[in-house]
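# An overview of the molecular structure
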Amino acid sequence: MKYVYIKTWGCQMNEYDSSMIVNLLEKDNEYIITENIEQANIFILNTCSIREKAQEKVFHQLGRWKKLKNRNPDIIIAVGGCVATQEGKEIFKRANYVDIVFGTQTLHKLPNMLLTAKKNRKRAINITFPKLEKFNYVLKPKKILYSSAISIMEGCNKYCSFCVVPYTRGNEISRPCDDVLFDISNLAETGTREIILLGQNVNAYQGVTFNGGICYFSELIRLVAEIDGIERIRFITSNPLEFSDDIIEVYRDTPKLVSFLHLPVQSGSNKILHLMKRSYTIEDYESIILKLIDARPNIQISSDFIVGFPGESQEDFKQTIQFIKKINFDMSFSFIYSARPGTPASEMEDNLNLIEKKERLHLLQNLINTQTMMWSRKMFGTIQSILVEGYSKNKNLELYGKTENNRTVVFSGTSKMIGNFVNVKITKIHTHSLEGVLV
Ligand code: SAH
Ligand code: F3S
């Protein structure tokens, strides 16, 4: 009873949570993580509820695991993450073969819950919100990651009218500053060179310091930049709200912070932004970008967009398209609006049919893809600093790594380069990756 198969859906926070689960379960060598479903006898699904499709996928997946359990009743099935937090006991009702339901804030309870399920064959559920408790269980990963993510805060207080996150991850709460720095130092010692600061609204970070003060996000970035071994800093996601001038100043004086920023705008129409309860205007957003360009002339911006929000007229959509051109966004994520139960937007009248929504999405994505390609073409012939992460899967014996602006580059090199920065001249541009030669 010890082979564990884990499937993870959703955002980087979920990926991060799953990596904590792996570390926890592997700690005493009691469990072995496997990618082989035939071998596994414990199945864990870390779920996402951001859009309806993501939520429906959960029950399809559980149905597949049910078949395995029919053959082997000893199998244990655990469901965690955002769907588990939102649905709670309802999961047992809809899928009565599930043994464990755990929440986004209670993953550290999983080892105990597994024991209960194994020994007593009793169902276990815990979807409470014990503040930051799970971070007491952060362990050094067994595998070296040259680029590592670390959660600096949890939850969200913004309550955008379309979004479930505040209900599934709880209120914003920041991890103490020293805890974050300690974990990053540990990662740096094991070989991490690039750190990704994670949170739903990282720029709202307010971590208590050892002397009872408060460390704000801008200060945290500067402190992380001082840690030996950390050469590159990214963060995701920040919000245009609270993107204060002190953060823009960090772009001026901290070269380790990358010239690439994911700053979701969602829409280019002030009317829609207001209905979304985003609490900023496109003028506010543009003003942040202009200040950023002043601090970092080569900065590239990516965003998230929602199309077909209730009340989005043809004119509103046109404004989004114009705004995408104006800001010249690189690589964005775009989604058709999905009504989420319990959110204020789900009560608004949806005035568009699916065909119109799909058409808008298609138009928007075509434009973004053209702009992404344009940014990539600009890189042709330039020399880029790459953090080499390993051997490329597609091309045997070739290495791959990421540029500062998050593009994957494949090139020939030696194994000694893995985990280090090298300079590569870009020689070929593909839609989703680049090729280069060492210089
Ligand atoms: N904290 C981040 C967003 C987290 S959710 C921020 O403030 O931007 C990630 C993305 O999913 C959002 O940016 C949004 O574009 C999309 N999203 C969230 N709820 C959605 C919904 N109900 N329908 C469609 N897309 C949604
Ligand atoms: Fe969601 Fe808005 Fe927070 S998109 S995560 S409620 S900032």
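Keep in mind the model is a prediction, meaning the values are calculated, not measured. (Residues numbered from 1 in each chain as written. Chains lettered and ligands numbered in written order. Predicted model: local features only at pLDDT ≥ 70, side-chain atom pairs only at ≥ 80, totals over all residues. Heavy atoms only, no water.)

With that settled, consider the site of ligand 2. In the vicinity of ligand 2, the residues found are Cys-156, Lys-158, Tyr-159, Cys-160, Phe-162, Cys-163, Val-165, Pro-166, Gln-200, Asn-201, Asn-239 and Arg-278. Looking at the shell around ligand 2, its residues break down into 7 nonpolar, 3 polar and 2 charged. (Near = heavy atom within 4 Å. Nonpolar A, V, L, I, M, F, W, Y, C, P; charged D, E, K, R; others polar.)

We now examine the UniProt feature "binding site: [4Fe-4S] cluster 1" (unreviewed entry) in the chain. Per the UniProt entry, the sites bearing "binding site: [4Fe-4S] cluster 1" (unreviewed entry) are Cys-11, Cys-48 and Cys-82 in this numbering. Judged by maximum C-alpha separation, these annotated positions cover 72 residues in sequence but sit close together in space, the widest gap being only 10.5 Å. Along the chain, Cys-11 falls in the loop between strand E1 (3-8) and helix H1 (12-26). Overall, Cys-11 belongs to the partly exposed group, its relative accessible area being 36%. (UniProt positions renumbered as here; feature names shortened; annotations may be inferred. Helix = DSSP H or I, 4+ residues; strand = E, 2+ residues; numbered from the N terminus. Buried < 20%, exposed > 50% of the residue type's maximum accessible area, 1.4 Å probe, protein only.)

This next bit is on the site of ligand 1. Lining the immediate environment of ligand 1, one finds 16 residues, of which Phe-162, Gln-200, Gln-266, Asp-304 and Ser-338 sit closest. For ligand 1, an oxygen atom lies 3.3 Å from a polar atom in the side chain of Arg-278. Ser-338 is positioned such that a nitrogen or oxygen atom in its backbone is 2.8 Å from a nitrogen atom of ligand 1. Burial of ligand 1 by the surrounding chains reaches 91%, relative to a free accessible area of 540 Å². When residues of the shell around ligand 1 are traced back to their parent elements, those giving at least two are strand E16 (304-307) and strand E17 (333-336). (Polar contact = N/O pair within 3.5 Å; in protein donor to acceptor, adjacent residues only side chain to side chain. Areas by Shrake-Rupley, 256 points an atom, 1.4 Å probe, with all protein chains shown as cover.)

Below, the discussion takes up the packing of aromatic side chains. Using the criterion set out here, one finds 11 aromatic pairs in the structure. Seen from their ring centres, Tyr-5 and Phe-43 are 5.8 Å apart, and the 50° between their planes marks the pair as tilted. Of this pair, Tyr-5 sits in strand E1 while Phe-43 sits in strand E3 (residues 42-47), and the two are 38 residues apart along the sequence. Neither residue differs from the other here; Tyr-5 and Phe-43 are each classed as buried. With 5.0 Å between their ring centres and 85° between their planes, Phe-217 and Phe-235 make a pair best called edge-to-face. With a gap of 18 residues between them, Phe-217 in helix H8 (residues 217-225) and Phe-235 in strand E13 (residues 232-236) connect regions that are remote in the sequence. Phe-235 matches Phe-217 in its accessibility class, with the two residues each being buried. Pairwise contacts between aromatic rings join Tyr-285, Phe-305, Phe-323 and Phe-329 into one cluster. Seen from the ring of Phe-335, Arg-51 lies directly overhead, with NZ or CZ sitting 3.6 Å from the centre. Taking the ring centre of Phe-59 as reference, the NZ or CZ of Arg-94 above it sits at 3.8 Å. (Phe/Tyr/Trp six-rings, centres within 6.5 Å; stacked < 30°, edge-to-face > 60°. Lys NZ or Arg CZ within 6 Å of the ring centre and 35° of its normal.)

Further remarks concern the UniProt feature "binding site: [4Fe-4S] cluster 2" (unreviewed entry) in the chain. Within this numbering scheme, the UniProt entry marks Cys-156, Cys-160 and Cys-163 as carrying the feature "binding site: [4Fe-4S] cluster 2" (unreviewed entry). Positionally, Cys-160 belongs in the loop between strand E8 (153-154) and helix H6 (165-169). Ignoring any residue separated from it by four or fewer positions in sequence, one finds Cys-160 in contact with Met-276, Lys-277 and Arg-278. Its place among the elements puts Cys-163 in the loop between E8 and H6. Residues contacting Cys-163, with those up to four places away along its chain left out, are Ile-50 and Thr-343. (Contact = heavy atoms within 4.5 Å.)

With that settled, the discussion passes to the domain arrangement of the chain. A common way to state how big an interface is: give the accessible area lost once the parts meet. Taken domain by domain, the chain holds domain 1 (2-126), domain 2 (133-376) and domain 3 (380-438). Here the C-alpha centroids of domain 1 and domain 2 sit 28 Å apart. At the junction of the two partners, domain 1 supplies 25 residues and domain 2 supplies 30 residues. For the pair domain 1 and domain 2, the two sides together bury roughly 2400 Å², of which 57% comes from carbon and sulfur. For domain 1, the biggest contributors to the area lost against domain 2 are Met-13, Tyr-16 and His-108; these three give 28% of the whole. (Domains from an automatic or database assignment. Buried area = accessible area lost by both parts, 1.4 Å probe.)

Where burial is concerned, most of E13 is hidden: 4 out of the 5 residues are buried. With 5 bridges connecting them, strand E10 (residues 194-198) and E13 associate as parallel partners. Counted as the bridge partner of Ile-195 is Ile-233 from E13. (Pairing = 2+ DSSP bridges.)

This paragraph deals with the sheet that holds strand E7 (residues 147-151). Within a sheet, adjacent strands bond to each other through the backbone by hydrogen bonds, running parallel or antiparallel. The strand order E7-E10-E13 describes an open sheet built from 3 strands, whose pairing is parallel. Each of the sheet's edge strands pairs with one partner strand only, and the pair in question is E7 and E13. Geometrically, the sheet is characterised by an average inter-axis angle of 25° between neighbouring strands, direction not taken into account. Relative to E10, E7 runs parallel, the two being bridged by 5 bridges. Across the sheet, residue Ile-150 finds its bridge partner in E10, namely Leu-197. (Axes fitted to C-alpha atoms, helices over the stretch in contact; angles between N-to-C directions.)

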